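Okay, here's what each chain looks like letter by letter:
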Amino acid sequence: MLLFTLFVALSLNFFLPRLMPGDPARALLAKMDAIQPEQLESIRAAFGLDTKDPLALQYWHYLANTFSGNLGVSFSRFPMPVAQVMRIAVPWTLGLMGLCTIISFILGTLIGVFAAWRRETKLASFSVGFFSFVRSFPYFWLGLVFVYFFSFRLRVFPIGGAYSVDATRGSGSWWLSVLRHGALPALTICVTSMGAWMLTMRNNMINVLAEDYITVALAKGLPLRRIKSLYAAKNAILPSVTGFAMSLGFVVGGGLVTEMVFSYPGVGYMLFQAVNAKDYPLMQAIFLFIATAVLIANFLADIAIMFLDPRVRDGAK
Amino acid sequence: MSDQAMLEVEGLVAGYGTKKGFVRAVDGVSFRLGKGRFLGIAGESGCGKSTLAYAIMRLLRDNARIESGRILFKGEDLATLEPEAMNGRRWTDMAMVFQSAMSALNPVLSVGEQLTDAVHAHRKVSRPEAVDLAVEMLRLVDINADRLKSYPHQLSGGMKQRVMIAMALILKPDLLIMDEPTTALDVVVQRSIIEKIDDLRKELGFSVIFITHDLSLLVEISDELAIMYAGRICEYGRSRELFDCPEHPYTEGLMNSFPTLSGPIVRMGGIDGHAPDLLSPPPGCRFAPRCPRAEADCSRVEPELRDLGDGRLCACPLGGRARRGGTR
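Residues numbered from 1 in each chain as written. Chains lettered and ligands numbered in written order. Predicted model: local features only at pLDDT ≥ 70, side-chain atom pairs only at ≥ 80, totals over all residues. Heavy atoms only, no water.

A. Here's a closer look at the overall build of chain A. Along the backbone of chain A there are 15 helices and zero strands. Overall size of chain A, expressed as C-alpha extent along the three principal axes, is 85 × 55 × 35 Å. Across the 317 residues that make up chain A, the buried fraction comes to 43%. Nonlocal contacts in chain A, meaning residues at least 24 apart in sequence, comprise 70% of its contacts between residues at least 6 apart. Placing the 25 positive and 15 negative side-chain charges of chain A at their respective mean positions leaves the two points 13 Å apart. (Helix = DSSP H or I, 4+ residues; strand = E, 2+ residues; numbered from the N terminus. Buried < 20%, exposed > 50% of the residue type's maximum accessible area, 1.4 Å probe, protein only. Contact = heavy atoms within 4.5 Å. Lys, Arg positive; Asp, Glu negative; His and termini not counted. Charge placed at Lys NZ, Arg CZ, Asp CG, Glu CD.)

Below is the structure:
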């Protein structure tokens, strides 16, 4: 099933860009001055755009190449292979978006558990109001606000990029610059996405707390910590896990606008550049990457749910 | 009734705080329960019988609370006990079986874990010891030991309720409160569950408070019966006698509403009207507006729970007259 879905994704990935209007070679050349017609032809040949092969054969080559790991050569960063371009961008996105998604899920869920468990307290009511408010910010807007105040006005954080070019890569000061560059985008993502996890978990948890097995657990005189975790939270988290896996999958492409706002050299920013430059091989590689990531994340979610919920475990047998 | 009262409820008032005021779902209930005795509490929906059970276990949540009265368990007042101390009492001294067999077990924990966590919460025992205890309890309710690894969704409704009973008895409590434990089950399973409870009571010697709206279930196994109406006990007595010769018109109506499990087929009756609004209960006798034998005074004078002798209490001035007349 996983392989079939992957195949469909691959095929769409091949055909969709070819339905787009425009000639990538001309688009590329438009950026340069005084190019001779023969040079145009040689660039076409170099990019493999001069092929007379029928589409079906191109498709076959594409599949074969993809499975052997050959993603082609980037048009816009010629002659860099796409795989290498990806290798540069992916760690930034995984590091920033991936970590932020995991952190905001864990924090949001924990706060949600608290807000439901101690829902009569003022702090719990306040957190519901606060996160409902914060959640409704568009994240790119919040990003722009942060850039304006912290980078432009107060100058405490860099305005864009992912690391300082002055420091030696891998040195202590370089890592520090990575943290400083990542702080604002990370804050933007966490603040805007935590609210959703928190409110979802709180609502699930409040529903679960009304279940009879919670009353039974109270009647049994169990320690409240056990009731909170194994009786209430373990049941309440099940719907959130699927959502979490989905968002992990979209991490790869979903940070597009955030990465644009902060000029962060991740996959999203690169996709934006690739589309502008009609860089088909790079676009295809990024789409393939996103599709695969979503598929894998869903697969992992299924496994996690199976691990958490015995009813699903039985259904899978 | 035994002299040694294990549970003594005195003037208990409990209910729910609402925007319109406090609803006294249990309004001045008193009774005594002796060691090893079986008390049945019957009444229609909304008469306060479940609230009474939850109040005794101190399980009233959210807007529900105990307003006044005492719940003396072995001489100690549970109504004013500190929450931590009460948590220690739960399950060791008194356990409860709930109405909803289907939803009373945590779907994501195995039967074994749910049986043993109660043990670990109250006793310092090793894991194997707790498991042994769980196996022993499952055997008591005729469930195979390999079910310890099962999850609730793999069990039938009757099995779930038997697991619940095994769970309730695992710490050998002195009091078992059962809140309509058979309502969600079919008649055949109902019967087997009730017989099981009766056997176990004889074997282990715990007292039972059995709450139901189905009087016919109670007659054969309970020692005493309390009939509740609109938050109050309207009649109390030895089970068989009360069933054969009800004194309160409400008890009589309740009996006509259910077919007996054995005995001749008779035409079923019922009680007209609805239970009163407990925010503003009617003056005088609360049953008067629905009572077929109501007299003018009934809506003015609040009836007392009178002792008719022989352990029979009745909150109707007509009680005792009917007894001599021998109706039904």
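B. Here's a closer look at the overall build of chain B. Along its length, chain B carries 10 helices and 12 strands. Relative to the compact-globule value of 20 Å for 328 residues, chain B shows a C-alpha radius of gyration of 20 Å, a close match. Along the first, second and third principal axes, the C-alpha set of chain B runs to 65 × 45 × 40 Å. Sorting the 328 residues of chain B into buried and exposed places 55% on the buried side. Total accessible area computed for chain B in this model is approximately 14300 Å², and 50% of it derives from carbon and sulfur atoms. Looking at charge distribution, chain B has the averaged site of its 41 positive side-chain charges lying 2 Å from that of its 44 negative ones. (Rg over C-alpha atoms; globule rule 2.2 N^0.38 Å. Areas by Shrake-Rupley, 256 points an atom, 1.4 Å probe, with all protein chains shown as cover.)

C. Examining helix H9 (residues 212–219) of chain A more closely. Within H9 of chain A, seven of the eight residues are buried, which leaves the element mostly enclosed by the surrounding structure. Among all positions of H9 of chain A, only Tyr213, Ile214, Thr215, Val216, Ala217, Leu218 and Ala219 of chain A are buried. Elements that come into contact with the buried residues of H9 of chain A comprise helix H8 (172–209) and helix H10 (224–236) of chain A together with helix H1 (49–56), helix H2 (83–89) and helix H5 (157–169) of chain B. Within two residues after H9 of chain A, Gly221 of chain A carries a phi angle of roughly 70 degrees, on the positive side.

D. Expanded view of the interface of chain A and chain B. Each side of the interface is counted separately: chain A has 26 residues, and chain B has 28 residues. Across the interface of chain A and chain B, roughly 2200 Å² is buried in total on both sides, 57% from carbon and sulfur atoms. Ranking the residues of chain A by area buried against chain B places Val216, Ala219 and Lys220 of chain A at the top, with a combined share of 25%. Taken together, the links from chain A to chain B amount to two salt bridges. Here Asp117 of chain B makes a salt bridge to Arg226 of chain A, at a shortest N to O gap of 3.1 Å. Remark: the boundary between chain A and chain B carries 16 residue pairs in polar contact (both at pLDDT 80 or more). Only H9, H10 and helix H15 (310–316) of chain A provide two or more residues apiece to the side of chain A that touches chain B. Top element by residues in the side of chain A that touches chain B is H9 of chain A. It accounts for seven residues. Taken together, the residues that form the side of chain A that touches chain B break down as 13 nonpolar, three polar and 10 charged. (Buried area = accessible area lost by both parts, 1.4 Å probe. Salt bridge = Lys/Arg side-chain N within 4 Å of Asp/Glu carboxyl O. Polar contact = N/O pair within 3.5 Å; in protein donor to acceptor, adjacent residues only side chain to side chain. Nonpolar A, V, L, I, M, F, W, Y, C, P; charged D, E, K, R; others polar.)

E. Representation of the packing of aromatic side chains within the structure. Applying the stated criterion across every chain, the model contains 26 aromatic pairs over all chains. Ring centres of Trp92 of chain A and Tyr264 of chain A lie 6.1 Å apart, and the angle between their planes is 90 degrees; this geometry places the pair in the edge-to-face category. Here Trp92 of chain A, found in helix H5 (residues 82–117), pairs with Tyr264 of chain A, found in the loop between helix H12 (256–261) and helix H13 (267–276); they are 172 residues apart in sequence, far enough to count as distant. As far as the burial class goes, Trp92 of chain A and Tyr264 of chain A line up, both buried. Look at Tyr229 of chain B and Phe287 of chain B: their rings are 5.0 Å apart centre to centre, the planes differ by 80 degrees, and that puts the pair in the edge-to-face class. Remark: Phe287 of chain B occurs in the loop between helix H9 (249–256) and strand E11 (306–309) and Tyr229 of chain B occurs in strand E9 (residues 224–229); sequence separation between them is 58 residues. Looking at Phe287 of chain B, the relative accessible area reads 2%, which means it is buried. Three or more aromatic residues joined by ring pairs form one cluster here, namely Trp92, Tyr163, Trp174, Trp175 and Tyr264 of chain A. (Phe/Tyr/Trp six-rings, centres within 6.5 Å; stacked < 30°, edge-to-face > 60°.)

F. Focus on the environment of Ser247 of chain A. Residue and element names in this part refer to chain A. Locating Ser247 in the fold gives a position in helix H11 (residues 238–254). Spatially, the C-alpha atom of Ser247 lies 9.6 Å from that of Ile102, the residues being 145 residues apart in sequence. Among all residues touching Ser247, those that are not within four sequence positions of it are Thr101 and Trp197.

G. Main features of the nonpolar core. Formed by 130 residues in total, the largest nonpolar core has its most connected members in Met205 of chain A together with Leu7, Phe31, Ile56, Trp91 and Ile209 of chain B. Among the elements that line this core, the one with the most residues is H5 of chain B, at eight residues. Among all residues touching Leu7 of chain B, those that are not within four sequence positions of it are Phe31, Arg32, Leu33, Ile56, Ile71, Leu72, Phe73, Leu175 and Ile209 of chain B. In this structure, Met97, Ala186, Ile189 and Phe262 of chain A belong to the second largest nonpolar core, which totals 19 residues. (Core = buried A, V, L, I, M, F, W, Y, C linked by side-chain atoms within 4.5 Å.)

H. Spotlight on the sheet that holds strand E3 (residues 38–42) of chain B. All names here are of chain B. The strand order E6-E7-E8-E3-E9-E10-E12-E11 describes an open sheet built from eight strands, whose pairing is mixed. Of all the strands in the sheet, the pair left with one neighbour each is strand E6 (94–97) and E11. Neighbouring strand axes in the sheet, compared pairwise and without regard to direction, differ in orientation by 20 degrees on average. Along the sheet, helix H6 (residues 187–204) contacts E3, strand E7 (175–179) and strand E8 (207–212); its crossing angle with E8, the most-contacted strand, is approximately 160 degrees. (Pairing = 2+ DSSP bridges. Axes fitted to C-alpha atoms, helices over the stretch in contact; angles between N-to-C directions.)

I. Structural context of unusual backbone geometry. Of note, the phi angle at Ser263 of chain A is positive, near 45 degrees, even though the residue is not glycine. Mapped onto the elements, Ser263 of chain A comes out in the loop between H12 and H13. Given the relative accessible area of 31%, Ser263 of chain A is considered partly exposed. A positive phi angle is found at Lys74 of chain B, which is not glycine, with a value near 50 degrees. By the secondary structure assignment, Lys74 of chain B is in the loop between strand E4 (64–73) and strand E5 (76–77). Given the relative accessible area of 51%, Lys74 of chain B is considered exposed.

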